[in-house]
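Spelled out from the first residue to the last, the chains are:
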Amino acid sequence: MLITRRRLIAGSALGAAALKTGFVRRAAAETETIRIGFLPALTGPSSSTGIGINRGTIMAVDEINAAGGVNGRKIELITRDTQSDPTKAVNAATELTRREKVHVIFGPLNSGESLAATPLIARDGVPQLDPCWVDSLTDPKKYPLAFRNAPTNHQIGGAANHYVVEILKLPKVAVIGDTTGYGTASVNTYVPMLADIKADVVYHASVDAANPDLKPEMLRMQSAGAQVIMPWSVNAGFLARIINTRAQMNWDVPIVGQTTLGSGQTKALLDKPENWEKVYANNFRNCAYDASGKLPPRTVAFVEKLKAAKLEMSDTLLWWIALGYDAPRLIADTVKASGSSPDQIAGYWKTLKAWPGVYGDITWSADQRNGFPDDEIVMCRANSLDGGAFKLAPGYAA
Amino acid sequence: MTDTPVSSSAAITGGAAGRGLAARLEALWPYLALGLAAVALPLSGDTYWGIIATRACVYWVLVAGLNLVVGFAGQIAIGWVALLTLGAYTASVLTAGTATPALSPFLALIIAGVAGAIVGLIVGLPALRLRTFYFAITTLGFATIVTQIALAWQSVTGGGVGVPGPLFPGWFSSQWGFYYLCLGLAALCTWMTANLAASRFGRALVAIRDAEVAAEASGVAKPAVLMMVFLFSGAVAGVAGGLFASLQSYITPDAFTFDLSVLFFIAILIGGRGSIIGPLLGTIILTVLPEFAAPLVAWSTFLYAALLLLIVLLMPGGIADLIDYKNRRPLEQHRDIVPRPEMVAGILHQAGGNQSLTLDDVALSFDGVHAIDGLDLEIRPGEVHGLIGPNGSGKTTTLNVISGYNAPDRGAVRLGGEPLLPGASHLRASRRIARTFQTPRLIGAASVLENVMIGGTIDGRATFAESLLSFPRHLQDERMLRDAAMSALAVVGLDALAAVRADRLQHSELRFMEIARALMLRPNFLLLDEPAAGLSAEEIRRLGALIVAIARVGAGVLLVEHHAELIFDICDRVTVLNLGKVLAAGTPAQIRSHREVVSAYLGA
Amino acid sequence: MLQSIIAYGLTMGAIYALIGITYNVMFTASRVFSFTAGVLGMLGGVLGSLFIRRLGMPVAFGFILTLCCGMAIGIVTEILTVRPVLKSLDQHLYVLSTLAFALLIQQFTAIEWSTEPQPFPRLLNIGPGVFDQQFWLPIAACLATVVGLELLYRRTLIGRAFLAIAEDNYAARALGLPEQALRMTSYALAGAIGTLAGFAGGEVLLAFFANAPMLNFYGFVPVALGGMGSNRGAVIGGMALGLFQQAANFLVGGIFASVAVFVVFILVLLARPEGLGGATAARRV
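These numbers come from a predicted model, not from an experiment.

Within chain A, the regular secondary structure consists of 12 helices and 15 strands. Taking 21 Å as the expected radius of gyration for a compact globule of 398 residues, we find that chain A reaches 21 Å, a close match to that expectation. Each principal axis of the C-alpha atoms in chain A carries an extent, and together these give about 65 × 45 × 35 Å. Buried residues in chain A amount to 57% of all 398 residues. Residue pairs at least 24 apart in sequence account for 70% of intrachain contacts in chain A once pairs closer than 6 positions are excluded.

Moving on, we come to the overall build of chain B. When you go through chain B residue by residue, the secondary structure sums to 25 helices and 12 strands. Taking the principal axes of the C-alpha coordinates as reference, chain B spans close to 85 × 50 × 45 Å.

With that settled, consider the interface of chain C and chain B. Contacts between the two partners involve 32 residues from chain C, matched on the other side by 35 residues from chain B. Within the residue set of the side of chain C that touches chain B, elements represented by two or more residues are helix 3 (59–86), helix 4 (92–112), helix 10 (211–226) and helix 12 (254–271) of chain C. When the residues that make up the side of chain C that touches chain B are grouped by side-chain class, the tally is 26 nonpolar, five polar and one charged.

Val61, Val448, Leu489 and Ala516 of chain B together with Leu18 of chain C are the most contacted members of the largest nonpolar core, which has 429 residues in total. In contact with Leu18 of chain C, not counting residues within four places along its chain, are Ala141, Cys142, Thr145, Ile193, Leu196 and Ala197 of chain C.

Let's shift gears to the sheet that holds strand 4 (residues 128–130) of chain A. Residue and element names in this part refer to chain A. Pairing is parallel in the open sheet, where five strands are placed in the order 2-1-3-4-5. Here the strands that pair on one side only, and so sit at the sheet edges, are strand 2 (75–79) and strand 5 (146–148). Neighbour to neighbour, the strand axes of the sheet diverge by 25° on average, direction disregarded. In the sheet, strand 3 (residues 104–106) pairs with strand 4 via two bridges, with the strands oriented parallel. Within the sheet, the bridge partner assigned to Phe106 lies in strand 4 and is Leu129.

Residue and element names in this part refer to chain B. Once the domains are mapped, chain B shows domain 1 (45–321) and domain 2 (341–439 + 518–602). Relative placement of domain 1 and domain 2: their C-alpha centres are 47 Å apart. Listed by partner, the interface residues are eight residues for domain 1 and nine residues for domain 2. Here the side of domain 1 that touches domain 2 is built from residues that sort into five nonpolar, two polar and one charged.

It is worth spelling out the sheet that holds strand 9 (residues 525–529) of chain B at this point. Residues and elements named next belong to chain B. Spatially, the six strands line up as an open sheet ordered 8-9-10-5-11-12, and their pairing is mixed. Strands with a single pairing partner mark the edges of an open sheet, and in this sheet they are strand 8 (433–435) and strand 12 (581–586). Neighbour to neighbour, the strand axes of the sheet diverge by 15° on average, direction disregarded. Bridge count for strand 8 against strand 9 is three bridges, and the pairing is parallel. In the sheet register, Ile433 faces strand 9, and the bridge partner there is Phe525. This element, helix 17 (residues 395–402), spans strand 5 (384–388), strand 8, strand 9, strand 10 (556–560) and strand 11 (573–578) of the sheet and lies at about 150° to strand 9. Against the sheet, helix 25 (residues 595–602) makes contact with strand 5, strand 11 and strand 12, and its axis sits at roughly 120° relative to strand 12, the strand it touches most.

Attention now moves to the pairing of strand 11 of chain B. Residue and element names in this part refer to chain B. Here strand 5 runs beside strand 11; their pairing, made up of four bridges, is parallel. Across the sheet, the residue bridging to Ile388 is Val576, located in strand 11. Note: strand 11 against strand 12, five bridges, orientation antiparallel. Bridging across to strand 12, Thr575 finds its partner in Ala585. The turn joining strand 11 and strand 12, which pair antiparallel and follow one another in sequence, is formed by two residues; a positive phi near 50° is taken by Leu579.

Before going further, it helps to spend a moment on the domain arrangement of chain A. Residues and elements named next belong to chain A. For chain A, the assigned domains are domain 1 (5–152 + 300–376) and domain 2 (154–286 + 378–391). Between domain 1 and domain 2, the C-alpha centre-to-centre distance is 29 Å. On the side of domain 2, 17 residues touch domain 1, which itself brings 22 residues to the contact. Elements that contribute at least two residues to the side of domain 1 that touches domain 2 include exactly helix 4 (111–123) and helix 11 (318–338). When grouped by side-chain class, the residues that make up the side of domain 1 that touches domain 2 number 11 nonpolar, seven polar and four charged.

Moving on, we come to the environment of Ile73 of chain C. Residue and element names in this part refer to chain C. The topology assignment puts Ile73 in helix 3. The class for Ile73 is buried, based on 24 C-beta atoms found within 10 Å. For the pair formed by Ile73 and Ala197, sequence separation is 124 residues and the distance between their alpha carbons is 15 Å. Sequence-distant contacts of Ile73, that is, excluding residues within four places in its chain, are made with Leu40, Leu43 and Gly191.

Residue and element names in this part refer to chain A. Viewed as axis vectors pointing N to C, helix 2 (residues 48–66) and helix 11 meet at an angle of 40°, and their least axial separation amounts to 6 Å. Classed by the angle they form, the pair helix 2 and helix 11 counts as oblique. The chirality of how helix 2 crosses helix 11 is right-handed. Contacts from Thr49, Gly52, Ile53, Asn54, Arg55, Gly56, Thr57, Met59, Ala60, Val61 and Ile64 in helix 2 reach Trp320, Ile321, Ala322, Leu323, Gly324, Tyr325, Ala327, Pro328, Arg329 and Ala332 in helix 11. The class makeup of the residues in the contact of helix 2 with helix 11 is 13 nonpolar, six polar and two charged.

A word on unusual backbone geometry. With omega at -10°, the peptide bond leading from Gly107 of chain A into Pro108 of chain A counts as cis. Of note in the backbone geometry, Gln83 of chain A takes a positive phi value of approximately 60° without being a glycine. What makes Gln83 of chain A buried here is the crowd of 26 C-beta atoms within 10 Å. Here Ser470 of chain B, not a glycine, exhibits a phi torsion of approximately 55°, which is positive.

For helix 5 (residues 105–124) of chain B, spanning 20 residues, the distance from its first C-alpha to its last is 28 Å, which sits close to the expected 28 Å at 1.5 Å a residue. Looking at the packing, one finds that the buried side of helix 5 of chain B touches helix 4 (81–96), helix 6 (132–152) and helix 11 (222–248) of chain B.

All names here are of chain A. Locating Val173 in the fold gives a position in strand 6 (residues 172–178). The class for Val173 is buried, based on 25 C-beta atoms found within 10 Å. As for Val173 and Ala199, which are separated by 26 residues in sequence, their C-alpha atoms are 7.1 Å apart. Look past the residues within four positions of Val173 in its chain and what remains in contact with it is Val164, Leu194, Ala199, Asp200, Val201, Val202, Ala226, Val228 and Met230.

All right, on to the pairing of strand 10 (residues 279–284) of chain A then. All names here are of chain A. A large share of strand 10 lies buried, amounting to six of its six residues. Judged from the three bridges that link them, strand 9 (residues 255–257) and strand 10 form a sheet pairing that is parallel. Each residue of the ladder has a partner; that of Val256, found in strand 10, is Tyr280. Examined bridge by bridge, strand 10 and strand 14 (residues 377–381) share five bridges and lie antiparallel to one another. Each bridged residue has a counterpart across the sheet, and for Phe284 the counterpart in strand 14 is Ile377.

All names here are of chain B. When pLDDT is averaged along chain B, the result is 87, and 95% of the positions lie at 70 or above. No element of chain B has a lower mean pLDDT than helix 1 (residues 9–12), which averages 37, and none a higher one than helix 11, which averages 95. Scored below 50 in pLDDT, residues 1–18 makes 54 contacts in the model with residues more than four places away or belonging to other chains. Two summary scores accompany this predicted model of the complex, namely pTM at 0.85 and ipTM at 0.84.

Residue position: Ile176 of chain A is located in strand 6. Linking Ile176 of chain A and Ser186 of chain A, residues 10 residues apart in sequence, is a C-alpha distance of 9.2 Å.

All names here are of chain B. Interhelical geometry of helix 4 versus helix 5 gives an angle of 150° and a closest axis separation of 8 Å. Regarding helix 4 and helix 5, the two cross each other, and that crossing is right-handed. Contact residues: Ala82, Leu83, Leu86, Gly87, Thr90, Ala91, Leu94 and Thr95 in helix 4; Pro105, Ala108, Leu109, Ile111, Ala112, Ala115, Gly116, Val119, Gly120 and Val123 in helix 5. When its residues are assigned to classes, the contact of helix 4 with helix 5 shows 13 nonpolar, five polar and no charged.

Reading guide: rules and limits
- Residues numbered from 1 in each chain as written.
- Chains lettered and ligands numbered in written order.
- Predicted model: local features only at pLDDT ≥ 70, side-chain atom pairs only at ≥ 80, totals over all residues.
- Helix = DSSP H or I, 4+ residues; strand = E, 2+ residues; numbered from the N terminus.
- Rg over C-alpha atoms; globule rule 2.2 N^0.38 Å.
- Buried ≥ 20, exposed ≤ 12 C-beta atoms within 10 Å, placed from the backbone.
- Contact = placed C-beta atoms within 7 Å.
- Nonpolar A, V, L, I, M, F, W, Y, C, P; charged D, E, K, R; others polar.
- Core = buried A, V, L, I, M, F, W, Y, C linked by C-beta atoms within 7 Å.
- Pairing = 2+ DSSP bridges.
- Axes fitted to C-alpha atoms, helices over the stretch in contact; angles between N-to-C directions.
- Domains from an automatic or database assignment.
- Parallel < 35°, antiparallel > 145°, perpendicular 65-115°, else oblique.
- Left-handed = near helix turned anticlockwise from the far one by under 90°.
- Expected span 1.5 Å × (residues − 1).
- pLDDT = per-residue confidence, 0-100.

Structure below.
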């Protein structure tokens, strides 16, 4: 079954039409369907993550339901497109918690939307699985039911910084972000972190992603003596411009940074394929080819499944699809083991240890709501993209 | 302007006593119905619709103010989201304590309003100097600047990461409590803007939009009125921003999109310009619509744009026009205009004085062409002074110099020896100099009565704030202006059409309407620019009688005309212009037999 | 550094100038400023990328097809959003109708094409370096357009007819000039110029739907500064804007560069509302 955006919109249209005409739902009974509220940004400027994750999520839900559901209960995925807009995210989150009375919410998938929606979801006492990276989104006291099944900005930056300073041994660093929330937050967090591990940040700035000419900025980096460039942005155009400008300047320094450096969209915007040399992007161990060129068995099986389902991969990243695939399965396992009330779900999650996801092994505790393990964040060669997965960056033994 | 209590037909006939309860209810029922539904919403227990309704209230607080700018004053402020951003950040930063010690949310909200007022004034200032499209583009620029500043000033605004919104204390922290707060402010804004719409300021705004020249002649000072409107609109937008931040619970720069700005703007236009209820309904519709059409959510801005295009092309009056039943009643076909010259003395009883209006050696050129070249003219009180001449001889230019639209290159216009300020058209009204125009200047969408009431703008006593809050002085003003306008309409014979939309009138009726508007000033001097053009013979005769009656009460009338019979019938003196110079001046009898005049102009 | 500022500055300046000329051509034909100028620029890039890169057409063919689409949109703009409101005395309506139409096109592009900037194909193979085609293509296009328009207006009959309609509407009609047809043709011409701007600048701007509002603003600045209807003023204004913007980018950096441009623009406009080269308003009473 080919999952295209049209089918998704058609599907959610039917779903939405059916749901909107109904009355406000009563509280869930134990034999009712398991309702997962899903808040991706499928349209708008920050929709690439959402589109990718969405594919995996739908696939997992279909798979679980085809196998009979969870203890006989089917999963119902209730999707609301936030349109990359925090105001729509707030409306949609309220609709899911108040009207649709979902058991758990997966998302939102963009930081700005999550920052607005999370307090409201917490206020309504609905468990939330949030894959955004902004550090402040999890807080055991403020948001007791919010759990993160992805790394934090801190962890991501930490892995990249570690690679640059301790593995590549390049102490003079230039850090550049775009002017979005993600970009500015990253630069603000990572510069002090670099200083902590005794790196010398010779340049740092936030630059408008729409600026066609990054030469002045790169020249400034060069004249400050930077030995490595660390860009933080999910904007493929911005990242491609950095890569292209480095090539135009014939400046031989590595580029180490955001996962999107390795995406198909970035590749499409490069002047020459050779420009993609010496670009290392964050990625995740489960989606990387190890030293002997093999993927972990779990991932191999997953990729086979994707190929069989003819899932579109060339314009997105494997780990997005994997993340989307993991979420419903985690929820299914939770309900199977523990039940579907908020306390039951949160209770199970608080004691979760190394849950085997394709994307990563998730571990939570009462105090630790960030479930992704440090050592599963690795740097990969951006130009080694093959079947959605990458080769580890050089020097990366650990 | 057609939905305010003033213009209901029962109110018009019979003056003060006619504003019965029935008439007020007729105008108020949409608001009452909405208000009732809004207050009762919590009873449904549906908190999802509660959030949507709260959002609609917050948006309406902003749109109510913006309505005055866009719908009434006609300024195309597309980038008004800048003020929402400003208000949101101001309120959030002040309650979060990142730049100052943390303040109470209510105080922060008030300060957000003040900040909004100041920045609203700054954003609006270019409107005084720039053409429509230019101003639209500058507001877009402001919207971008404010967002950029929010992004850059990280220490205060949190930059891209953003900042938590204010949380109101006590009962207002609950969802319904906050809803009632927003509903209350929305109701307050509705009331205030409705008051303003039915005041001389509201009418002045619409006059600036549709008939700027006539507004100036009636003494409307465009800069002052616009500045007050921008202050008010900015203030409510700032408050709306604070409420918005609380609703979102957390704000980041990417929440303030261009789409939002477009939504506000389109809500006003769909609702209909010059209306309050129209944009209110428009805002509610546009806030609620995406919630019904989830699969179409991605296309929502596309649909709004399509809706806007349809409205502009097919229904420029918007929803307000759609619900305006009164103005669909057919009018009597063959209407006669019967002025009542005998009533003139009743309204102009204090006209006159001994001072003449004189032009001394006035000259004005346009790009090298001498429009007037050394003109001497004296208009005496109590006289009808005719000004005739071929096309291009400088007649209308003379009028424009006297009424201050053009400053002369040489010479001066004097009132009783004292020179009048050149080029200051809006000051003529206070000197009791009124005029009509070659092409009638009217506000098509407003009623005839409202058009005439504009003429008396400078006689209003209530301030902008008093009108907003419907203080007694405002109500007195309205009563006074309404009565005076009805009297003026009775004098020119149009009183039966007082409640009719002005653009439904025939051309000849519009000419008399302009005279009624001029009479509102109780003028000492009345300048008439070809008032007989397009009139039938009988109408011209009646016009003549009216003009004579006005002069006999003591006003000085300058009559620019082509109809020679009218001139020679009623004028006491006549001046003939040719190529900007005086060809001849004297009594009608002298002029009629003047050889040069006959050959240049009158014909044998 | 200086090299980079001048190269990019003149390139962007040429693109802005071309959009400004698009505004001007529409304005002189109808006394209307249309929000579709920026959208035409955006479509030049998007359609060029669609035809040549995605559908694989040869460069010359894709180029001509893009210009034809631009002309078609120009004609539709005139019929749908300008002609109906010209009769109305209310000058605000055209701002709204063209805004609505521009938004329609912009949103449609965002949804159907992509919300991310897509690559634009390399047209010739000259460069990289200061003489890279991405720099001088827009500049060449701008010069060609200005020279072409001069020849059109001064030397050809139809060009002089355009000028007549703009100069004195009534007189021209009295002479029997077909006003409506001429206006439509003007808008078609404007459509071609707008898409030319986007196409020539495609490599620099990429095929991105959000170019439309950006070009709307930055393309209008040359018109505002150079005076309405003045193509020479638009070129000078555009070049000045491009250089200033790139210099500001270098000196002040990303965020404040755009603030600097806006502030300067607003201040200049307030000082001289008719632009630095424009004429004062005509008689209004």
